[in-house]
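Residues per chain are reported as follows:
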Amino acid sequence: MTLRAVIAGVGSALPERRVDNAELAAQVDTSDEWIVERTGIRTRYIAGPGETTGTLAADAARRALDHAGIDAGDIDLIVLATATPDQTFPATATKVQTMLGIVDCISFDVAAVCSGFLYALSVADSMIRGGGAKTALVIGAETFSRILDWEDRTTCVLFGDGAGAVVLQAAENGQSGILATRLHADGRHQDLLYVDGGPSTTGTVGKLRMKGREVFRHAVVNLAAVLNEVLDAAGVTADEVDWIVPHQANARILDATAKKLGLSPGKIVVTVDRHANTSAASVPLALDVAIKDGRIKRGDLVVLEAMGGGFTWGAAALRY
Ligand code: UT7
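The structure contained in this document is the topic of the report that follows. Residues take numbers from 1 onward in each chain, read along the sequence in its written order. Only residues with pLDDT of 70 or above have their local features reported here, since the model is predicted, and side-chain atom pairs are shown and tallied only from 80 upward, although totals for entire chains, interfaces and linings are computed over all residues. Just so you know, side-chain values use all the structure's heavy atoms and leave hydrogens and water out.

### A look at the pattern of salt bridges
Part 1: Salt bridges are defined by distance alone: a side-chain nitrogen of Lys or Arg within 4 Å of a carboxyl oxygen of Asp or Glu. Within this structure, the stated rule accounts for 11 salt bridges.
Part 2: With a closest N to O distance of 2.7 Å, Lys292 and Asp288 form a salt bridge. Residue Lys292 and its partner Asp288 are located together in helix 10 (residues 282–292), separated by four residues, close to a single helical turn.
Part 3: Since its relative accessible area comes to 43%, Lys292 is described here as partly exposed. Secondary structure elements are defined from DSSP: runs of H or I of at least 4 residues count as helices, runs of E of at least 2 residues count as strands, and each element is numbered from the N terminus. Categorising residues by exposure relies on relative accessible area from a 1.4 Å probe, with only protein chains included: less than 20% of the type maximum marks a residue as buried, more than 50% marks it as exposed, and the intermediate range marks it as partly exposed.

Dropping the structure here:
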């Protein structure tokens, strides 16, 4: 018997307020031209006073449950990836659980920054295959706007807020589901991408700091390596892949990674132009877009990948 975690539904949520590059150029020394040329970003969404990581996550989760046609009461596991929780504790996952009216289930957050969704998906997949859960919500949700230094043009133009969610369901002996996941971390590069605060150091939330050029270099190398690894683990070749849904940090990283693997740019789902980098939310947000607009169809071979602070990086191969 092969037990697999199948994606039963997807959903996403964005804040109401959309901010274009021109609006940022009125606040810091930047331009639409620089942002588009260096990153591919045109707009991002920024959370308003009533919007939090938890509310965005709950909205995305409700839409994923609707899409799957599954009742919230059937969820026995919630894994929420975020670097911007509503509070230091309790876990934002437990807040989402309550917002969905779920009285009892396993519920926790995962902190792996931009690759958080891949980590969360891999944990949920292991728990489902191990028999510890049957129906899981895996969520990536962030409000990075709240940890940005809005006077630092090298970072504040790059990020946005949002949430994406998938419902995973245990299925026996089917063709579809998660085929393989691969995760990595290397803590030696913490000074290249970090937040300069925290509960046990400064007692403050802190602001995001990044040496973008160095992160870029590591991202292309690590992503190409983990993509090859996950294809091997799944027993498939790059030619067989229908869609790559990458972390949306920079259009140039997507192009460079595709080139390294010899993948056609037409197979890559790109949403960085409209969402910017939403950290753990970026992969499930892009997945939702490409499933809902009909590009990704049942039976397609889909590969997800991400790299971020830590460094952490990972990939998943699945048959949708
Ligand atoms: O999600 C986690 C993973 N994160 C990433 O993967 C991010 C990876 N890195 C990147 O995406 C790119 O490195 C950036 C988009 C962050 C930067 O692009 P770059 O081509 O590496 O630019 P740079 O940092 O080398 O900066 C080039 C120039 C600098 O000016 P000088 O020193 O050459 O005079 C910067 O000061 O661009 C300047 N610059 C800006 N100019 C206008 C930096 N930010 C801006 C800005 N507007 N917003």
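### Details of the site of the ligand
Part 1: The nearness test applies per residue and asks whether one of its heavy atoms lies within 4 Å of the molecule or strand. Within the structure, the ligand sits among 23 residues, and Thr30, Arg38, Arg213, Asn250 and Asn277 are positioned closest to it.
Part 2: Pairs of N or O atoms within 3.5 Å make up the polar contacts considered here, provided that, within protein, one atom can donate a hydrogen while the other can accept it, and that residues adjacent in sequence are counted only when both atoms are side-chain atoms. Arg213 has a polar side-chain atom sitting 2.5 Å from an oxygen atom of the ligand.
Part 3: Broken down by secondary-structure element, the contributors of at least two residues to the shell around the ligand are helix 2 (32–39), helix 6 (153–156), helix 7 (212–234) and helix 8 (251–261).
Part 4: If you tally residues by element for the shell around the ligand, the top one is helix 7, at four residues.
Part 5: Each residue is assigned to one of three groups, with Ala, Val, Leu, Ile, Met, Phe, Trp, Tyr, Cys and Pro labelled nonpolar, Asp, Glu, Lys and Arg labelled charged, and all others, Gly among them, labelled polar. Looking at side-chain class alone, the shell around the ligand contains 11 nonpolar, seven polar and five charged residues.
Part 6: Each domain's extent is set by a domain assignment, obtained either automatically or from a database. A domain split of the shell around the ligand shows at least three residues from each of domain 1 (3–172) and domain 2 (177–319).

### What about the packing of aromatic side chains?
Part 1: Stacked, edge-to-face and tilted labels apply to pairs of Phe, Tyr and Trp rings (six-membered ring for Trp) whose centres lie within 6.5 Å, assigned for plane angles under 30 degrees, over 60, and everything in between, in that order. Taken as a whole and assessed by the stated rule, the structure comprises one aromatic pair.
Part 2: One cation-aromatic arrangement involves Arg295 over Trp243; the distance from NZ or CZ to the ring centre is 5.9 Å.
Part 3: Lysine NZ or arginine CZ positioned within 6 Å of the ring centre and within 35 degrees of the ring normal marks a charge as sitting over the ring. Above the face of the Tyr320 ring, Arg298 is positioned so that its terminal group lies 3.8 Å from the ring centre.

### Structural notes on the pairing of strand 3 (residues 43–46)
Part 1: Here strand 3 shows two buried faces, one formed by Thr43 and Tyr45 and the other by Arg44 and Ile46.
Part 2: Where strand 2 (residues 17–20) and strand 3 come together, four bridges link them in antiparallel fashion. From the neighbouring strand, Val19 faces strand 3, where its bridge partner is Arg44. Two strands make a pair as long as DSSP finds a minimum of two bridges between them.

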